[in-house]
Amino acid sequence: MNIQTQLAPSWKEKLAPEFEKAYFQKLMVFLNEEMNTQTIYPPEAFIFNAFEKCRFDEVKVVVIGQDPYHGEGQANGLCFSVNDGVKIPPSLKNIFREIQTDIGKDIPTSGNLERWAEQGVLLLNAILTVRASKAASHRKKGWEQFTDAVIRLISDEKEQVVFLLWGNYAQQKGKEVDNSKHLILKSAHPSPLSAKQFFGNKHFSQANQYLQQCGKEPIDW
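The paragraphs below set out a description of the structure included in this document.

Cut-offs and rules
What you see as residue numbers is a count from 1 along each chain, following the sequence as written. Predicted model: local features are reported for residues with pLDDT of at least 70 only, side-chain atom pairs are reported and counted for 80 or more only, and whole-chain, interface and lining totals are derived from all residues. Water and hydrogen atoms were dropped before computing side-chain values, which therefore reflect all heavy atoms in the structure. Each residue's exposure class comes from its accessible area (1.4 Å probe, protein chains only) as a fraction of the maximum for that residue type: buried when under 20%, exposed when over 50%, partly exposed otherwise. Each helix is a run of DSSP H or I of at least 4 residues and each strand a run of E of at least 2, with the numbering of both proceeding from the N terminus. Any two strands are treated as partners once DSSP identifies two or more bridges connecting them. Clockwise travel from the first strand over the helix to the second, with the strands pointing away from the viewer, marks a crossover as right-handed. Angles shown run from 0 to 180 degrees and are taken between the N-to-C directions of axes, each axis being a line fitted to C-alpha atoms and, for helices, limited to the stretch in contact. Angular relationships are summarised with four words: roughly parallel below 35 degrees, roughly antiparallel beyond 145, roughly perpendicular across 65 to 115, and oblique for the angles in between. In a left-handed crossing the near helix is turned counterclockwise from the far helix by less than a right angle, and in a right-handed crossing that turn is clockwise. The contact criterion used throughout is that any non-hydrogen atoms of two residues lie within 4.5 Å.

## Quick notes on the pairing of strand β5 (residues 162–166)
And step 1. Counting buried positions over the five residues of β5 gives five, a clear majority of the element.
And step 2. Of the two faces of β5, the one holding Val162, Leu164 and Trp166 and the one holding Phe163 and Leu165 are both buried throughout.
And step 3. Two elements, strand β2 (residues 61–65) and β5, share three bridges in a ladder whose sense is parallel. Its bridge partner being in β5, valine 63 is matched across the sheet by leucine 164.
And step 4. Both β5 and strand β6 (residues 183–187) contribute to a ladder of five bridges, which runs parallel. Within β6, the residue paired with valine 162 across the bridge is leucine 183.
And step 5. Where the polypeptide runs from β5 across helix α8 (residues 167–173) and back to β6, its parallel neighbour, the crossover connection is right-handed.

This is the structure we're talking about:
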């Protein structure tokens with residue numbers, strides 16, 4: 001795949017140094033081989049959808065996920081999000097439940113979170129691809145290093161961004177975010193295994209309150 005044509009211009013310029021690094025070139029060789037021999041999710045056109053739907057200059061909130069859904073038709077390149085018409089996964093159901101409790105918004109019928117991304121929510125999986133039916137199959141191939149660079153870029157070059165870190169994995173991923181100029185909100189993961197600790201975190205109202213205090217438009221969750 002050609003990274004230069006896939007990544008949105010606002011990100012391409014900022015991340016250009018990463019493309020030259022050995023780990024990234026090795027990742028692209030691996031990914032091309034996988035796409036030629038396996039079924040990969042999300043489809044190639046959606047691998048960088050998080051960046052396409054949320055430009056660098058528009059990022060107000062960052063949500064960190066792990067790797068894409070590995071079932072047919074689910075993944076659309078945004079963490080926790082699924083395509084219209086796809087059954088809402090359990091973790092996303094719990095996110096919607098917390099939003100309802102926190103700010104009183106009705107639970108939507110679609111799990112497609114593109115509407116969040118278009119408001120400035122970067123829905124970033126740590127790993128951007130996966131082999132069909134094989135969770136975490138693209139771990140430790142280079143994506144983690146790339147998305148670390150993305151998080152570092154946002155932390156260094158932007159101010160007053162809200163980072164929602166749900167679960168130990170996301171919290172480790174965001175450990176280098178500068179908390180002197182960003183809001184970092186941490187809680188348990190919304191998975192059914194830890195949802196009891198996730199519920200009541202009030203992250204959505206806290207995020208909007210912070211954005212408004214910073215003179216930014218709140219997110220319509």
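Next comes the rest of the account.
## A few points about the sheet that holds β2
And step 1. Reading across the sheet, the four strands line up as β3-β2-β5-β6 and stay open at both edges, with parallel pairing between neighbours. Single-partner strands in this sheet number two, and they are β3 (121–125) and β6. Neighbour-to-neighbour, the strand axes of the sheet open up by a mean angle of 20°, direction not taken into account.

## Here we look at the packing of helix α3 (residues 22–37) against helix α7 (residues 143–157)
And step 1. Between α3 and α7, whose axes approach to 9 Å, the crossing angle comes to 130°. By the angle between their directions, the pair α3 and α7 is classed as oblique. For α3 against α7, the interelement crossing comes out left-handed. Within the contact between the two elements, α3 uses Tyr23, Phe24, Leu27, Met28 and Leu31 and α7 uses Trp143, Gln145 and Phe146.

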